[in-house]
Amino acid sequence: MDSIPANRRLWNRISSAYQHEHDPQIGAAPRLWGMYSIPDEYLHALGDVTGKRVLELGCGAGQWSRALAAEGANVVGLDLSEAQLAAAARAMGTARYPLVQGAAEKLPFAAGSFDLVFCDFGGLSWAPPHLAVPQAARVLGRGGRLVFNVASPWFEACYDEVAGRVSTTLQQDYFGLGAIAEGDGASSYQLTYGGWVRVLRGAGLIIDDLIEPRPEPGTPNGYNKTDPPDWAHRWPAELLWVTHKP
Ligand SMILES: C[S@@+](CC[C@H](N)C(=O)[O-])C[C@H]1O[C@@H](n2cnc3c(N)ncnc32)[C@H](O)[C@@H]1O
């Protein structure tokens, strides 16, 4: 299924409201992962990026790319939505970095162009993983790393659409996870644990770690209501995959 045109329309339409609501949280400090803004200094997922060629897949307003450019990485921010890229251009700091419009499904870069490809609820949440993961692997050089954060199957399976919150009851079929309708033909994507392992290994990547970010009780979720409020302290809401290309 080609969700590129619909996802581009969706993000162009919601960009302004999304940044108004979420930019203060996403950009509050450098290197904050996911719905609970857990600092990378606790998770140790990305490591030192100084002098590395880095691609952010689905950079949005570039909060991550801006931070890594300031640390001395040679960052490229890629996003499907021109509205999101315009927000990134407006928010760019003194460490300038290039912004490229494109889709995670068909990356406009030569093989071996990057040392690190990463995203936080970006291209690997919004493009079919069986297309986007091989593309990310292709543009990595040998020894390069693919690191990305997505919602966990637990979170998706327990999401109660009617109540609009994550619950303690299984709501969706685990084996039915796949494309998630986001309205007007737009889709996000989710895989089972086994599905992620197969797609990563199938692209020739080695899995180094699967970090399950665990917020402290009382840490707010900036995006979704959960019942109970400390849901993500008790069950994993996110998967932070750490892989490399041998
Ligand atoms: C939730 S944002 C992630 C960016 C940032 N980390 C954040 O949390 O705001 C998702 C981003 O993915 C982009 N996107 C959607 N589909 C994409 C695709 N197929 N390829 C690349 N980027 C895509 C959207 O335009 C949006 O900027």
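None of these values were measured; they are calculated from a predicted model.

> So what about the UniProt feature "domain: Methyltransferase type" (unreviewed entry) in the chain? Which residues, and what values?
As recorded in UniProt, the feature "domain: Methyltransferase type" (unreviewed entry) lies at residues 55-148. In residues 55-148, the share of helix is 34% and the share of strand is 30%. The end C-alpha atoms are 11 Å apart.

> Would you mind going over the sheet that holds strand 6 (residues 114-120) in detail, with residue names and values included?
Hydrogen bonds along the backbone pair up the strands of a sheet, which may run parallel or antiparallel. Spatially, 7 strands are ordered 5-4-3-6-7-14-12 in an open sheet, and the strand pairing comes out mixed. Strand pairing shows two members of the sheet lacking a second neighbour, strand 5 (99-101) and strand 12 (206-211), which therefore form its edges. Ignoring which end each strand starts from, the neighbouring axes of this sheet average 20° apart. In terms of strand pairing, strand 4 (residues 74-79) meets strand 5 through 3 bridges, oriented parallel. By the bridge assignment, Gly77 is partnered in strand 5 with Leu99. Of the strands in this sheet, strand 3 (53-57), strand 4 and strand 6 touch helix 3 (residues 63-70), which is tilted by about 170° from strand 4. Running over the sheet, helix 6 (residues 129-139) touches strand 3, strand 6 and strand 7 (140-151) and is turned about 145° from strand 7.

> Report on the packing of helix 1 (residues 4-26) against helix 4 (residues 82-90), specifying residues and quantitative values.
With their axes 7 Å apart at the nearest point, helix 1 and helix 4 run at an angle of 35° to one another. Contact with helix 1, carried on its side by Arg8, Trp11, Asn12, Ser15, Tyr18 and Gln19, involves Glu82, Ala83, Gln84 and Ala87 of helix 4 and no other residues of that element. Residue classes in the contact of helix 1 with helix 4 are distributed as 4 nonpolar, 4 polar and 2 charged.

> Go over the nonpolar core with me, naming the residues and quoting the values.
Trp33, Leu46, Val54, Leu68, Phe118 and Val147 are the most contacted members of the largest nonpolar core, which totals 31 residues. At 3 residues, the largest contribution of residues to this core is made by helix 3. If near-sequence neighbours (up to four positions away) are discounted, Phe118 is found in contact with Trp33, Leu46, Val54, Leu55, Glu56, Leu57, Trp64, Leu68 and Val147. Core analysis: the next-biggest nonpolar cluster, separate from the first, contains 28 residues, Leu78, Ala104, Phe109 and Val117 among them.

> Describe the site of the ligand, listing the residues and the values that go with them.
What surrounds the ligand is a group of 19 residues, the closest being Tyr18, Asp79, Gln84, Ala104 and Glu105. Contact distances for the ligand include 2.8 Å between an oxygen atom and a side-chain N or O atom of Tyr18. Residue Asp79 places a side-chain N or O atom 2.6 Å away from an oxygen atom belonging to the ligand. Alone, the ligand offers 580 Å² of accessible surface; in the complex the protein occludes 97% of this. For the shell around the ligand, the element with the most residues is helix 1, which contributes 3 residues. Residue composition of the shell around the ligand, grouped by class: 10 nonpolar, 6 polar and 3 charged.

About the cut-offs
Residues numbered from 1 in each chain as written. Predicted model: local features only at pLDDT ≥ 70, side-chain atom pairs only at ≥ 80, totals over all residues. Heavy atoms only, no water. UniProt positions renumbered as here; feature names shortened; annotations may be inferred. Helix = DSSP H or I, 4+ residues; strand = E, 2+ residues; numbered from the N terminus. Pairing = 2+ DSSP bridges. Axes fitted to C-alpha atoms, helices over the stretch in contact; angles between N-to-C directions. Contact = heavy atoms within 4.5 Å. Nonpolar A, V, L, I, M, F, W, Y, C, P; charged D, E, K, R; others polar. Core = buried A, V, L, I, M, F, W, Y, C linked by side-chain atoms within 4.5 Å. Buried < 20%, exposed > 50% of the residue type's maximum accessible area, 1.4 Å probe, protein only. Near = heavy atom within 4 Å. Polar contact = N/O pair within 3.5 Å; in protein donor to acceptor, adjacent residues only side chain to side chain. Areas by Shrake-Rupley, 256 points an atom, 1.4 Å probe, with all protein chains shown as cover.

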